[in-house]
Amino acid sequence: MRKGILASTIAVLLIAGGACAESAEEAPQEAEESAQATGMVRVVISTDFGDIEVDIDTGNAPGTSANFLRYVDAGHYDGGQFHRTVTMDNQPNDTVRIEVIQASVNEEFAERGFDPIPMERTSVTGLRHVDGAISMARGQPDSADSSFFFCINDQPSLDFGGNRNPDLQGFAAFGQVVSGMDVVRAIQGQPYEGQTLTPPVRITSVRRAD
């Protein structure tokens, strides 16, 4: 009787152990599939002040993300710059004030970019201009091409319906900083004239994370 109980117990333990081993083997694949399902693409923006890691949300903002990534893959941001800082102290003519830093492509590619893209409004994407959000700079709606900006602190006036822009259409947020907000804030705090960084902060490279 005791031998039968012992044999049954060993069999159960062996089955459980095999199941645990199988789960452990499957876990990395499941984690990778889960990451792909979120639609996030990690991008590293390297500057003279350090790296900024950003998750680009291809799931919720597919058109804006694809546009940004084509500039990344073409190398247009390599050698570009953060050229603009907007602080609470340098917007004398604006009743609605924001805090952002804005970047542009390498001047070599300034006249050789891609066509402007349709605007993906935050009312459609569900994304918001929160602290660390990355978004596309624009003039008129559907005019964004390569310039992008980062929000410092939450900036709801940049969302759809926000009154920073008189047309109330907001801007197209398409991702979020996951590491390097200290670098973003350091860039914002550099010397400027008007809202132009003097000198600009160089972007050494922008690449997809390995």
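Residues numbered from 1 in each chain as written. Predicted model: local features only at pLDDT ≥ 70, side-chain atom pairs only at ≥ 80, totals over all residues. Heavy atoms only, no water.

Asks: Summarise the nonpolar core; cite the residues concerned and give the values.
Replies: Ranked by size, the top nonpolar core spans 35 residues in total, and within it Ile45, Ile52, Phe68, Phe82, Phe148 and Phe150 carry the most contacts. Once residues within four sequence positions are removed from consideration, Phe68 is found in contact with Val43, Ile56, Tyr77, Ile134, Phe148, Phe174 and Val206. Residues Ile98, Val100, Cys151 and Phe171 belong to the second largest nonpolar core, which totals nine residues. (Core = buried A, V, L, I, M, F, W, Y, C linked by side-chain atoms within 4.5 Å. Buried < 20%, exposed > 50% of the residue type's maximum accessible area, 1.4 Å probe, protein only. Contact = heavy atoms within 4.5 Å.)

Asks: I'd love a proper account of unusual backbone geometry, names of residues and values included.
Replies: A cis amide bond, omega 0°, links Thr198 with the succeeding residue Pro199. Turning to its location among the elements, Pro199 is positioned in strand E9 (residues 196–208). In this structure, Asn153 takes a positive phi of about 70° despite not being glycine. Of note, Asn153 is situated in the loop between strand E6 (148–151) and strand E7 (172–179). Judged by its relative accessible area of 34%, Asn153 is partly exposed. At Leu168, a residue that is not glycine, the phi angle is positive and equals roughly 65°. A residue is classified by how much of its surface remains accessible, and Leu168, at 39% relative accessible area, is partly exposed. (Helix = DSSP H or I, 4+ residues; strand = E, 2+ residues; numbered from the N terminus.)

Asks: If you had to explain the side chain of Gln188 to someone new, which residues and values would you point to?
Replies: Positionally, Gln188 belongs in helix H4 (residues 181–188). Every residue in contact with Gln188, bar those within four places of it in the chain, is listed here: Thr85, Val86, Thr87, Glu99, Val100, Ile101 and Ile152.

Asks: I'd like a rundown of the confidence of the model for the protein, residues and numbers included.
Replies: Averaged over every residue, the pLDDT of the protein is 87; residues scoring 70 or more account for 82%. Residue range residues 1–36 is modelled with pLDDT below 50. Its contacts to residues more than four positions away, or to other chains, number one contact. (pLDDT = per-residue confidence, 0-100.)

Asks: Got a sec to walk through the packing of aromatic side chains? Specific residues and values, please.
Replies: Counted according to the given criterion, the structure contains 10 aromatic pairs. Centroid distance Phe68 to Tyr77: 5.3 Å. Interplanar angle 35°. Geometry classified as tilted. Here Phe68 and Tyr77 have matching classes, each one buried. On the numbers, 5.8 Å between centres and 85° between planes, the contact of Phe149 with Phe171 is edge-to-face. In this pair, Phe149 is assigned in strand E6 and Phe171 in the loop between E6 and E7, connecting sequence segments 22 residues apart. (Phe/Tyr/Trp six-rings, centres within 6.5 Å; stacked < 30°, edge-to-face > 60°.)

Asks: Describe in detail H4, supporting the description with residues and values.
Replies: Owing to its 3.6 residues per turn, the α-helix brings residues three or four apart onto one side. Those residues of H4 that sit buried are Met181, Val183, Val184, Ile187 and Gln188. Within H4, the buried residues cover an arc of 155° as seen down the axis, which keeps them to one side. (Arc of directions from axis to C-beta.)

Asks: Could you give me a rundown of helix H2 (residues 62–74), with the residues and numbers involved?
Replies: The terminal C-alpha atoms of H2, which comprises 13 residues, lie 18 Å apart, in line with the 18 Å expected from a rise of 1.5 Å per residue. The inward-facing, buried residues of H2 contact strand E1 (40–47), strand E2 (50–57), strand E5 (133–136), E6, E7 and E9. Of the residues flanking the end of H2, it is Gly75, one or two places downstream, whose phi is positive at about 80°. (Expected span 1.5 Å × (residues − 1).)

Asks: Summarise the pairing of E6; cite the residues concerned and give the values.
Replies: Here E6 shows no split at all, with Phe148 and Phe150 on one side and Phe149 and Cys151 on the other all buried. As paired elements, strand E4 (residues 100–104) and E6 share four bridges and run antiparallel to each other. Residue pairing for E6: Val100 is matched across the bridge by Cys151. Sheet topology note: the E5/E6 ladder contains three bridges and is antiparallel. Looking at the pairing, Met136 lines up with Phe148 of E6. (Pairing = 2+ DSSP bridges.)

Asks: A description of the pattern of salt bridges should follow, citing residues and the corresponding values.
Replies: Evaluation of the coordinates by the stated rule reveals eight salt bridges. We note a salt bridge from Asp55 to Arg42, for which the minimum N-O separation is 2.4 Å. On the criterion of sequence distance, the pair formed by Asp55 in strand E2 and Arg42 in strand E1 is long-range, its members being 13 residues apart. When its relative accessible area of 14% is taken as the criterion, Asp55 is described as buried. Of the charged contacts in the structure, one is a salt bridge between Arg202 and Asp48, with a shortest N-O distance of 3.3 Å. Linking Arg202 in strand E9 with Asp48 in the loop between E1 and E2, this pair joins segments that are 154 residues apart in sequence. (Salt bridge = Lys/Arg side-chain N within 4 Å of Asp/Glu carboxyl O.)

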